[in-house]
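# Report on the structure
Residue-level listing of the chains:
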2 protein chains.
Amino acid sequence: MSTLSSQPYKGTRDYYPEDKRIQNYIFSVWHKVSRLYGYEEYGAPTLEPLEAYMAKSGQELAGEQTYTFTDRGGRIVAIRPEMTPTISRMVAARRQELSYPARLYSIANFMRYERPQRGREREFWQLNVDIFGADGVAAEAEILTLADNIMKEFGAQPTDYVIRINNRKLINFMMAQYFGLDGVQGQAMMKLFDRKNKISEQDFIIQATEIFGDQADDGIKKVHALLAATSMADLPAEIRDSAAVTEIQELFTLLERAGVKSLVFDITLMRGLDYYTGMVFEVFDTHPDNNRALFGGGRYDGLVGLFGAESISAVGMAPGGTMMENFISVHNLMPKQRSTTDVYIAVLGDTVREAGKLARDLRDSGIRVELDIVGHKLDKQIKTVVKKAIPYILFIGEEEVKSEIYTIKDIAQSKEYKLNFAGIVELIKE
Amino acid sequence: MSTLSSQPYKGTRDYYPEDKRIQNYIFSVWHKVSRLYGYEEYGAPTLEPLEAYMAKSGQELAGEQTYTFTDRGGRIVAIRPEMTPTISRMVAARRQELSYPARLYSIANFMRYERPQRGREREFWQLNVDIFGADGVAAEAEILTLADNIMKEFGAQPTDYVIRINNRKLINFMMAQYFGLDGVQGQAMMKLFDRKNKISEQDFIIQATEIFGDQADDGIKKVHALLAATSMADLPAEIRDSAAVTEIQELFTLLERAGVKSLVFDITLMRGLDYYTGMVFEVFDTHPDNNRALFGGGRYDGLVGLFGAESISAVGMAPGGTMMENFISVHNLMPKQRSTTDVYIAVLGDTVREAGKLARDLRDSGIRVELDIVGHKLDKQIKTVVKKAIPYILFIGEEEVKSEIYTIKDIAQSKEYKLNFAGIVELIKE
């Protein structure tokens, strides 16, 4: 038989213990902050019918990026590329039983066909945080405060990132009332704004001119007036006085009161997904080596209604694991990682049986023990302990068995102690 | 547009917070016990090339039960139906870099086409615990002790379950030397033994007679002699004196020394997977309402070698989440679940702003707070808190804002306290 490849499937990643520790650290921050705000964890299937994404996720995500196949029962299914349709379906299925606002979060994996690049993998892990059944800006403020709190919990300073905020209602007002575009033109203009930072200003103006058609002269003037505004107060008067801007201002007031500092209003922020209906936001990394969107979210009030239940308002967001890892890495925020094992027991001489007993007793006291069961040479064992970043190594030979006093070494401090059982437990637990 | 179904994909499960809590409890026991033995967590891709399973997982698993499809690059892939080939591939990829014995575990989801039945779902969660690079019975004893420790950590008594142990080397000896069967006959007889508890004794004897062919008279006598044995000492002499039985006896000695009580030697235990090469085991539930195999494992020394690296010995096991849930449920071992939220803040009157400040201060002290941002009626809010099993509710009205003394109620104890900020933190943290 020919040899099988030892490499992971294209675009996916093997998490060896040293990689998994970092992922677990990121997950632990996500769990902690989500729970601080009263969000409860849920879990969901890996597969959904493809049509769950066709409805509102947009052509790119549902059409080109999903891992989709026909199952043995003839159903067309997709490996979930995102969580929003799934959690909306779950809320729809228990529309009557759930208490509102329902605060829900999950940490799960997703798959998308993407060109592999920095921070983008075909299989990736995401936190999803969503609040259902709260209509006002208070819900949006809570999700954004939680996003800000996650960044702070990772050790970020307010200048390390910026939260850009816009509102789909304002975008719609801008396209229809301010620019005077029809539906098709408006869609094209939104897609152009979405690409704005990826193309040259010249290309942007050329394409905008095409979209405006007959009204290009007036239209381009309006575009310039808009892009010149650096704050809400600077906006052209007809936009500034719209109901949507009032809503955004109200949101900013709540956020400032909650201590969220890294805020910017960005009228060019669109967010690609079709299901957003109100506030949209993205958290950007300001570091020159990683100047990009880290994650985003927004209000999507219509999605639950697609699954046969009365519709319900919703606000959510979804930070990704690899993006977060890059952020804490470029900002030097990665905490020192250590093994989940507390102590390694090295067996010297003919003390296997007593070493086994000691390991059992330590485990009964809640100490996490790796026990030498192979009898490798001592220098090899010490190398293993250092490599795995296990904090302590304990030696047990015939003398230790007799005296019940063991030599235990703190690797990082390079300090040796001679202690009895109780002393060892105390040393490790502190 | 037509309405989408709100039901989960066939054979999969939605985990709402009350279901996810139970799963998280099971996962927490798995994490805890695996780490007590020095095993470190890893993560792995959801997809593998189908051929990873064709090699050694057996026809049923690789052929009939996998969710398989051709990806956009023309690769034939499978949603992993088990972890053993994946972790073997990962060890092969770092064959030189890893320290041995390598102790590794993961908690992950898998998919198999199965007829949905109690404890079987098409998507399921499993713990996988494996030790690589330890040849002797000490490694088998460690995995089995860990399995036993998991059962005890769930609160099981030694009579609630039984660990059945056999050895593939003994099975091979039995088929070739004792029964005198050739390779094809031996395979057929192993499959028959594997089905023994699922068919009548009569059917078993009829099918065994067919397999023995000419030697049926002698063969059936030997089968009866074998099945009559209730312990290793009872076995026909030529089996009892084989090297394989000596190895099993050595393993039993180590396990008894480690305090593992629920042990049985079972010469009919086969385990379906092709890759096992030595000790095999299954943990059975003894409860009459759930009398079935909970999980199993064994030694599989050849698998790493399939992925282009020098082979390395391995012992592992894989308990499943739903099986475990059924076990703790029929044995009444399910602990009382509570929300991950510590306190719910109910806002009375015009104190939204102060309630927000209080929530922030509590969160800064590590207290997990759900804050009323909608202003539902108080009775509705109390109902929510009880339903979600949040232990405390705190009321903040204008009087509380003035006095900075808050009323907080312990729901389970039905006790009310009037406390300042420090008092609340102390009450909740204890």
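Rules and cut-offs
- Residues numbered from 1 in each chain as written.
- Chains lettered and ligands numbered in written order.
- Predicted model: local features only at pLDDT ≥ 70, side-chain atom pairs only at ≥ 80, totals over all residues.
- Helix = DSSP H or I, 4+ residues; strand = E, 2+ residues; numbered from the N terminus.
- Buried ≥ 20, exposed ≤ 12 C-beta atoms within 10 Å, placed from the backbone.
- Contact = placed C-beta atoms within 7 Å.
- Pairing = 2+ DSSP bridges.
- Axes fitted to C-alpha atoms, helices over the stretch in contact; angles between N-to-C directions.
- Right-handed = clockwise from strand over helix to strand, strands pointing away.
- Nonpolar A, V, L, I, M, F, W, Y, C, P; charged D, E, K, R; others polar.
- Core = buried A, V, L, I, M, F, W, Y, C linked by C-beta atoms within 7 Å.
- Least-squares fit on C-alpha atoms with pLDDT ≥ 70 in both.
- Parallel < 35°, antiparallel > 145°, perpendicular 65-115°, else oblique.
- Left-handed = near helix turned anticlockwise from the far one by under 90°.
- Expected span 1.5 Å × (residues − 1).

### Re the overall build of chain A
- Per the secondary structure count, chain A includes 16 helices and 16 strands.
- Within the span of chain A, comprising 430 residues, buried residues form 45% of the whole.
- Considering only residue pairs separated by 6 or more positions, chain A has 67% of its internal contacts joining residues 24 or more positions apart.

### A short note on the sheet that holds strand 6 (residues 123-132) of chain B
Residues and elements named next belong to chain B.
- Strand order in this open sheet of eight strands is 1-5-6-11-10-9-7-8, and the pairing throughout is mixed. Of all the strands in the sheet, the pair left with one neighbour each is strand 1 (40-41) and strand 8 (263-265).
- In this structure, strand 10 (residues 293-299) lies alongside strand 11 (residues 314-317), joined through three bridges in antiparallel fashion. Within the sheet, the bridge partner assigned to G298 lies in strand 11 and is G316.
- Those strands touched by helix 11 (residues 243-257) are strand 7 (161-167), strand 8 and strand 9 (279-285), and its axis lies near 150 degrees from that of strand 7.

### Some points on the sheet that holds strand 2 (residues 47-49) of chain A
All names here are of chain A.
- The three strands lie next to each other as 2-4-3, forming an open sheet whose pairing is antiparallel. One side of each edge strand has no neighbouring strand; the edge strands of this open sheet are strand 2 and strand 3 (67-70). Strand after strand, the sheet turns through a mean of 35 degrees between neighbouring axes, direction not considered.
- Relative to strand 4 (residues 76-79), strand 3 runs antiparallel, the two being bridged by four bridges. By the bridge assignment, T70 is partnered in strand 4 with I76.

### Comments concerning the pairing of strand 12 (residues 343-347) of chain A
All names here are of chain A.
- When you tally the buried positions in strand 12, you get five out of five residues, the bulk of the element.
- Residue alternation in strand 12 divides its side chains into two sets, V343, I345 and V347 and Y344 and A346, and both sets are buried.
- As paired elements, strand 12 and strand 13 (residues 369-371) share three bridges and run parallel to each other. Each residue of the ladder has a partner; that of Y344, found in strand 13, is E370.
- Considered for its hand, the β-α-β crossover made up of strand 12, helix 13 (residues 352-364) and strand 13 is right-handed.
- Where strand 12 and strand 14 (residues 392-396) come together, five bridges link them in parallel fashion. Bridged to Y344 within strand 14 is I393.

### Some remarks on the interface of chain B and chain A
- In this assembly, 75 residues from chain B lie in contact with 75 residues from chain A.
- If you tally residues by element for the side of chain B that touches chain A, the top one is helix 1 (residues 17-36) of chain B, at six residues.
- Looking at side-chain class alone, the side of chain B that touches chain A contains 35 nonpolar, 18 polar and 22 charged residues.

### Some remarks on the environment of G321 of chain B
- Secondary-structure assignment places G321 of chain B in helix 12 (residues 321-330).
- Between the C-alpha atom of G321 of chain B and that of I107 of chain B, which follows or precedes it by 214 residues, the distance is 9.5 Å.

### A look at the nonpolar core
- Membership of the largest hydrophobic core comes to 105 residues, with the highest contact counts inside it found for I143 and A147 of chain A together with V343, I345 and L394 of chain B.
- For this core, the element with the most residues is helix 5 (residues 137-153) of chain A, which contributes 10 residues.
- For V343 of chain B, the residues in contact, after removing those within four places along its chain, are I367, V369, I390, Y392, I393, L394 and I428 of chain B.
- Formed by 104 residues, the second largest nonpolar core is a distinct cluster that contains L358 and A359 of chain A together with M279 and I328 of chain B.

### A word on the relation of the copies chain B and chain A
- Between chain B and chain A, which share one sequence, the superposing operator has a rotation angle of 180 degrees and an axial displacement of 0.0 Å; the RMSD is 0.0 Å. Here the symmetry operator amounts to a two-fold rotation axis. In terms of proximity to the rotation axis, the leading residue of chain B is F69 of chain B, whose C-alpha is 3.1 Å off the axis.
- A shared interface surface links the copies, since 100% of the contact residues of chain B are contact residues in chain A too.

### So, the packing of helix 6 (residues 168-178) of chain A against helix 11 (residues 243-257) of chain A
Residues and elements named next belong to chain A.
- Interaxial distance between helix 6 and helix 11 falls to 8 Å at its minimum, and their mutual angle equals 155 degrees. Our classification of the angle between helix 6 and helix 11 gives roughly antiparallel. Here helix 6 and helix 11 pass one another in a crossing that is left-handed. Each of K169, L170 and F173 in helix 6 lies in contact with helix 11, whose residues at this interface are A244, V245 and I248.
- Considering only residue class, the contact of helix 6 with helix 11 consists of five nonpolar, no polar and one charged.

### With respect to unusual backbone geometry
- For the bond from Y100 of chain A to P101 of chain A, the omega torsion is 0 degrees, close enough to zero to count as cis.
- Looking at the element boundaries, P101 of chain A is found in the loop between helix 4 (84-93) and strand 5 (102-111).
- Phi at E404 of chain A is positive, roughly 55 degrees, even though this residue is not glycine.
- Its place among the elements puts E404 of chain A in the loop between helix 15 (398-403) and strand 15 (406-410).
- The exposure class assigned to E404 of chain A is exposed, which follows from the 11 C-beta atoms found within 10 Å.
- Even without a glycine there, the phi angle at A389 of chain B is positive, about 60 degrees.
- Inspection of the secondary structure assignment puts A389 of chain B in the loop between helix 14 (378-388) and strand 14 (392-396).

### Some points on the packing of helix 1 (residues 17-36) of chain A against helix 12 (residues 321-330) of chain A
Residues and elements named next belong to chain A.
- Running from amino to carboxyl end, helix 1 crosses helix 12 at an angle of 100 degrees, the nearest separation of the two axes being 10 Å. As the angle between them shows, helix 1 and helix 12 are arranged roughly perpendicular. The segment helix 1 lies against helix 12, with I22, Q23 and I26 engaging G321, M324 and E325.
- Residues that form the contact of helix 1 with helix 12 fall into these classes: three nonpolar, two polar and one charged.

### Describing helix 5 of chain A
- If you check helix 5 of chain A, its first and last C-alpha atoms are 24 Å apart, about what 17 residues at 1.5 Å a residue would give, namely 24 Å.
- Among the 17 residues of helix 5 of chain A, 15 are classified as buried, and the element is accordingly described as predominantly covered.

### Side note on the environment of Q381 of chain B
Residues and elements named next belong to chain B.
- One can find Q381 in helix 14.
- A count of 22 C-beta atoms within 10 Å places Q381 in the buried class.
- Separated by 34 residues in the primary sequence, Q381 and V347 have C-alpha atoms spaced 9.8 Å apart.
- Contacts of Q381, omitting those with residues within four sequence positions, involve A346, D372 and H376.

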